[in-house]
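# Coordinates in review
Here's the letter readout for the chains.
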Amino acid sequence: DALRMRLRESRFPFLSANLQSPVTEIKKYIIVNVKGVRFGFIGLTTEELKSKSHPKNVGDVTVLDTVKTLEQLLPEVRRRSDFIVAMVHLEDEEEKRIASEFPEIRLIIGGHNHEVLGPFWLDQTLVTKTGVSGRNVGRIDLQFEGKKLAKVEAKLIPVTKVRPDPEVVKILAAAAESIKTSR
């Protein structure tokens, strides 16, 4: 119920093509049109989810093989998009497998590894991971000629000397107090 509530409150889609779950708000992919270029964003979750999460949190969830999932899903996404991005929560080896087996996925934005990695290239695929706790943000600039990718620039930007937003501080303080009193 808490997950469904967060999904409804969010202003962005939750994506995972290889999860089967009773939570119908989680989508496999979305298509976003920007300046005439159709971007297909596919979400993927590590196949190790069940072994790395508490059983009570993933009891009704089935994690499908990422490669088989992409083999089934990519023909549809290819037809509907000009550029494919995988937004993933995968192990490094899973990302390497995706990049080598699916060259049409030109960008992988990762979030599972807590180390700062990237941006770096795996063959024709750019991989970027910014680490944890908001210490970095990633910037990826894609330049197109028509609908064809012409140039990619990516960099990691350390987040330093940022003043806390007073409104966010209030929200976090209230949440921390709520957690403290519920124990």
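The shown structure was predicted, so the numbers you read here are calculated from the model rather than taken from an experiment.

## Notes on the overall build of the chain
- Helix and strand content of the chain: six helices and 10 strands.
- For the chain, the share of sequence-separated contacts (at least 6 apart) that also reach a separation of at least 24 residues comes to 47%.
- Accessible surface for the chain amounts to roughly 12000 Å². Of this, 53% is attributable to carbon and sulfur atoms.

## Side note on the pattern of salt bridges
- Under the criterion given, the structure shown has 10 salt bridges.
- Here R38 ties to D82 by a salt bridge, and the two come within 2.9 Å at their closest N and O atoms. Taken together, the positions of R38 in strand β3 (residues 37-45) and D82 in the loop between α4 (66-80) and β5 (83-89) put the pair 44 residues apart, joining distant regions of the chain.
- Of the charged contacts in the structure, one is a salt bridge between E93 and K96, with a shortest N-O distance of 3.3 Å.

## Side note on α4
- Here α4 contains 15 residues, and its C-alpha end-to-end distance of 20 Å stays within 8% of the 21 Å for a straight helix at 1.5 Å per residue.
- In α4, a bend of some 45 degrees at L73 exceeds every other bend along the element, and P75, a proline, comes one to four places later.
- All buried positions along α4 are accounted for by T66, V67, T69, L70, L73, L74 and V77.

## Structural notes on the nonpolar core
- Counting 20 residues, the largest nonpolar core has I42, L44, L70, I98, I105 and I108 as the members making the most contacts within it.
- Mapped onto this core, the elements with two or more residues apiece are β3, α4, β5, α5 (92-101) and β6 (105-110).
- The dominant element in this core, judged by the number of residues it contributes, is α4, at five residues.
- Those residues in contact with L44 that sit more than four places away from it in its chain are L15, S16, A17, N18, T66, L70, M87, V88, H89, L90 and I98.

## Description of the packing of aromatic side chains
- Using the criterion set out here, one finds five aromatic pairs in the structure.
- Consider the rings of F12 and F14, whose centres lie 5.2 Å apart with planes at 25 degrees: the pair is stacked.
- A relative accessible area of 28% means that F14 is categorised as partly exposed.
- Between the aromatic rings of F39 and F83, the centroid separation amounts to 5.7 Å while the plane-to-plane angle is 70 degrees, which identifies the pairing as edge-to-face. A residue pair is termed long-range when its members are at least 10 positions apart, and F39 in strand β3 and F83 in strand β5 qualify at 44 residues. Take F39 and F83: they sit in the same class, and that class is buried.
- Taken together, the ring pairs connect F39, F41, F83 and F144 into an aromatic cluster.

## Points about the pairing of strand β8 (residues 125-130)
- Counting buried residues in β8 gives five out of six residues, a clear majority hidden from the surface.
- Pairing geometry for β6 and β8, over four bridges, is parallel. From the neighbouring strand, I109 faces β8, where its bridge partner is T128.

## Description of unusual backbone geometry
- The phi angle at K35 is positive, at roughly 50 degrees, despite the residue not being glycine.
- Mapped onto the elements of the fold, K35 is located in the loop between β2 (29-34) and β3.
- Relative accessible area serves as the criterion here: at 86%, K35 is assigned to the exposed category.
- Located in the positive-phi region is K161, a residue other than glycine, with phi close to 50 degrees.
- Here K161 lies in the loop between β10 (148-158) and α6 (166-181).

Cut-offs and rules
Each chain has its residues counted from 1, running along the sequence as written. Selection of residues for local features in this predicted model requires a pLDDT of at least 70, selection of side-chain atom pairs for listing and counting requires 80 or more, and totals for whole chains, interfaces and linings are taken over all residues. To obtain the side-chain values, all non-hydrogen atoms of the structure were used and water was disregarded. A run of H or I in DSSP counts as a helix once it spans at least four residues, and a run of E counts as a strand once it spans at least two, with each numbered from the N terminus. In what follows, a contact means two residues having at least one pair of non-hydrogen atoms within 4.5 Å. In this description, accessible areas are obtained by the Shrake-Rupley approach with a 1.4 Å probe, and a residue is regarded as covered only by the protein chains that are shown. Any carboxyl oxygen of Asp or Glu that lies within 4 Å of a side-chain nitrogen of Lys or Arg is treated as forming a salt bridge with it. Here the expected length of a helix is defined as 1.5 Å per residue gap, with one fewer gap than residues. Bending is quantified residue by residue as the angle between axes fitted to the seven-residue window ending at that residue and the seven-residue window starting at it. For every residue, the accessible area obtained with a 1.4 Å probe (protein chains only) is divided by the maximum for its type, and the residue is called buried under 20%, exposed over 50%, and partly exposed between those limits. Nonpolar cores were defined as sets of buried Ala, Val, Leu, Ile, Met, Phe, Trp, Tyr and Cys residues, with membership established by side-chain atoms within 4.5 Å. A pair of aromatic rings is counted whenever rings of Phe, Tyr or Trp (Trp by its six-membered ring) have centres within 6.5 Å, and the orientation is called stacked for planes under 30 degrees apart, edge-to-face for over 60 and tilted otherwise. At least two DSSP bridges between two strands are needed for those strands to be called paired.

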